[in-house]
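# Examination of the molecular architecture
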Amino acid sequence: SYTLVAFLNSSESKFTPLVALELVSDTKEEAITWLLQRIRDKQRNGGAELLVEQLRPGLGVQEKQNPNLFLIGASLQRLLSGAEDLGLFKEFNDGSMRGFTCTNKQNFKDFQGDGDGFLSVAECQYIIKHELDTLRAKDESHVPGHTQAKLYPGKSIIRRLLSKGIMVQMFPLHQKEELKRLTFSWYKKVKLSLQPLGKIQCNYEGQALYFGFLEYFTFALIPMALIGVPYYLFDWDDYDKYVIFAVFNLIWCTVILELWKRFSATLAYRWGTLSRKKAFEEPRPGFHGVLGFNPVTGREEPLYPNAKRQLRVYCVSLPFVLLCLYGSLYVMMIYFQMEGWALSLHDEDPTFWTGVLLFIPSIIYAVVIEVLNLIYRYAAEFLTEWENHRLESSYQNHLILKVLVFNFFNCFASLFYIAFVMQDMVLLRQSLATLLITSQILNQFMEAFLPYWLQRRRNKKMMRRVTKMRTQEDKELPIEEQVRLEADMSTYLGTFDDYLELFLLFGYVSLFSCVYPLAAVLVLLNNITEVYSDAFKMCRVFKRPFSDPASNIGVWQLAFEAMSVIAVVTNCALIGMSPQVKAYFPESDMQLILWTVAIEHGLLAVKFILTFLIPDVPKPIQIQLAKLEFESLEALKKKVNTWGMFSVI
């Protein structure tokens, strides 16, 4: 990272660079001039009214170096007006969270002087991104110098440049001092304390809720781990005792998800995202279709028949997913054949090596599961892109559904088969332990070590050149090199994979931990290392992502709740299969099944009653939101009355 203060104090600097924009190296000069002019133009003329300058050549200029890198910033007044346009919520003097307005700015808690430091860096970068995204074409028919890049009045220029391959990327810049403070308090010192969520939110606003959920889930695992260890140590061979553990499991997975909603609402309110209204969603850059008029906005844009999209979903995507599930089932049966072969070898000649061989099929199967998940993920992304969804939210929902269904089946099908078809609790315990440990090791390698190693290789040549040309006095990396370093970093693809990993870990704990009580302990240890590895990759491996403020974890909340419902059914079935319960029904299996189903339905009813009894939003926050709504309505009434008086006059 570079020193922002040094850059600001240099004689040639004009503004604080917050965002970098890169165009392809062969972009026409007239296109660059036109784009920069649109970015600098006043808002009343249809511009973004931002500050922009070209990045100077780096040390030891090379022919391969792309000259079309631009730094973008904004004046303080422009950022404040942008915060008002976006409806950012900030803390008021009375402690409540209110939408920021420039006319009322002195009444906000942290607003001092001219407002320097009032907005976090993440908020400033989010404002700049919003202003650039809403930069719209006027009467231009195409991008100057690029006749193939057609423009339509009212459509986003930046999205068009991206979809036509003229713009390579746009990313927010790290700031050295803030990053130093964050890394020190986040992952550089090992500590048994909470994450600095406030600092994380200031730097990574869109990802802060994920880290809040990771922390919450980690602490929620402690009761399960504390109960699981004694069960593992003292009652391992007494399966009857696991009935109590299974009952606790049922209560645990319901209560923690309900309490998370409350904790999530508290965080979102504190960060000003709980009441923030979502902006009107524009079409995705990759969306295509026949040119027509949007009936909502009246703007000219590509239109694609919904019936055609549904045909692609149900006639191509759905059969493909079912085919992949069949393939996963086929691989599972091969695993069971390998397991039987290893077991027969051990029975014939029980030695240390044949004992080790018993674990080999599970390890191979765990690796194959991860490989299949990875291959399927690419296929799911391709299919969802081909379905041609208009909105990003629709694209994400369809992608998440495809990936969740396959990952759930791929990871848990073998465990369900062992538990309820083979009814082999020893094999279930062994398979669960092997799958859990192997998947955790592979995930840590793929998520943190591999990207870091690739990034180091990518940057080694540049760092060597910079080190050679740096003088003894110049300890800091020049801004030109720093921006180019960040431009070459891997792009952070969002929290999708992180939530997916937590979803699968939650499944391992909630579904079968009564059979393998150490599951919660292993997941707890994994989550502790996950906090540090995720923090490291956010600060050192990936480009800084733009904020994407969220009031909750969205569709993932539904996914976790669906898993908890499946956990109720699974644990009730495991309880019904225990010898202790079977002893109460020595003559009739049908009675046992009926009682198990009745108890399972009763527990599901209790679960849904708890969902209604525990409010999603704490009472104090409900009161604050109600007050804000009341004041807004009163202000609107006064405004309407004032307009009425003027119209009469």
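Residues numbered from 1 in each chain as written. Predicted model: local features only at pLDDT ≥ 70, side-chain atom pairs only at ≥ 80, totals over all residues. Heavy atoms only, no water.

With that settled, consider the nonpolar core. Membership of the largest hydrophobic core comes to 101 residues, with the highest contact counts inside it found for Trp186, Trp252, Phe503, Phe506, Tyr508 and Trp556. For this core, the leading source of residues is helix α8 (residues 208-234), giving 13 residues. Apart from residues lying up to four places away in sequence, tyrosine 508 is in contact with Cys411, Phe412, Leu415, Leu432, Leu435, Leu436, Ser439, Ser513 and Ala519. Among the nonpolar cores identified, the runner-up in size contains 46 residues, and Leu86, Tyr126, Leu132 and Ala137 belong to it. (Core = buried A, V, L, I, M, F, W, Y, C linked by side-chain atoms within 4.5 Å. Buried < 20%, exposed > 50% of the residue type's maximum accessible area, 1.4 Å probe, protein only. Helix = DSSP H or I, 4+ residues; strand = E, 2+ residues; numbered from the N terminus. Contact = heavy atoms within 4.5 Å.)

This part takes up the side chain of arginine 98. Residue position: arginine 98 is located in strand β5 (residues 97-99). For arginine 98, a relative accessible area of 17% corresponds to the buried category. Side chain to side chain, arginine 98 and aspartate 94 meet in a polar contact 3.2 Å long. Among residues more than four places away in sequence, those in contact with arginine 98 are Leu88, Phe89, Lys90, Phe92, Phe108, Leu628 and Glu631. (Polar contact = N/O pair within 3.5 Å; in protein donor to acceptor, adjacent residues only side chain to side chain.)

Glancing now at the packing of aromatic side chains. Tallied over the entire structure, the rule returns 34 aromatic pairs. Between tryptophan 186 and tyrosine 204, the aromatic rings sit 6.3 Å apart at their centres with planes inclined by 45 degrees, giving tilted as the arrangement. Taken together, the positions of tryptophan 186 in helix α6 (residues 176-188) and tyrosine 204 in the loop between α7 (197-203) and α8 put the pair 18 residues apart, joining distant regions of the chain. As far as burial versus exposure is concerned, tryptophan 186 and tyrosine 204 are alike and both buried. Judged by centre distance (5.0 Å) and plane angle (65 degrees), the rings of tyrosine 210 and phenylalanine 211 are edge-to-face. Taken as a pair, tyrosine 210 and phenylalanine 211 share a single burial class, namely buried. Above the face of the phenylalanine 546 ring, lysine 129 is positioned so that its terminal group lies 5.7 Å from the ring centre. Across from the ring centre of tyrosine 204, 5.8 Å away, lies the NZ or CZ of arginine 544, which sits over that ring. (Phe/Tyr/Trp six-rings, centres within 6.5 Å; stacked < 30°, edge-to-face > 60°. Lys NZ or Arg CZ within 6 Å of the ring centre and 35° of its normal.)

Across the sheet, four strands lie side by side as β2-β3-β1-β8; this open sheet has antiparallel pairing. Where the open sheet ends on each side, the last strands, each with one partner, are β2 (51-54) and β8 (167-172). Within the sheet, the average angular offset between the axes of one strand and its neighbour, ignoring direction, is 20 degrees. On top of the sheet, helix α2 (residues 29-40) reaches β1 (19-23), β2 and β3 (69-73); it is set at about 155 degrees to β2, its chief contact. Across the face of the sheet, helix α4 (residues 121-133) comes into contact with β1, β3 and β8 while running at roughly 150 degrees to β8. (Pairing = 2+ DSSP bridges. Axes fitted to C-alpha atoms, helices over the stretch in contact; angles between N-to-C directions.)

Positive phi is not limited to glycine here, since asparagine 388 has a value of about 65 degrees. You can see asparagine 388 is positioned in the loop between α12 (360-386) and α13 (392-422). Asparagine 388 gets classed as buried once you look at its relative accessible area, which sits at 0%. Positioned with a positive phi, glutamine 423 is a non-glycine residue whose angle comes to about 55 degrees. The topology assignment puts glutamine 423 in the loop between α13 and α14 (425-469).

Read these as geometric descriptors, not functional statements.
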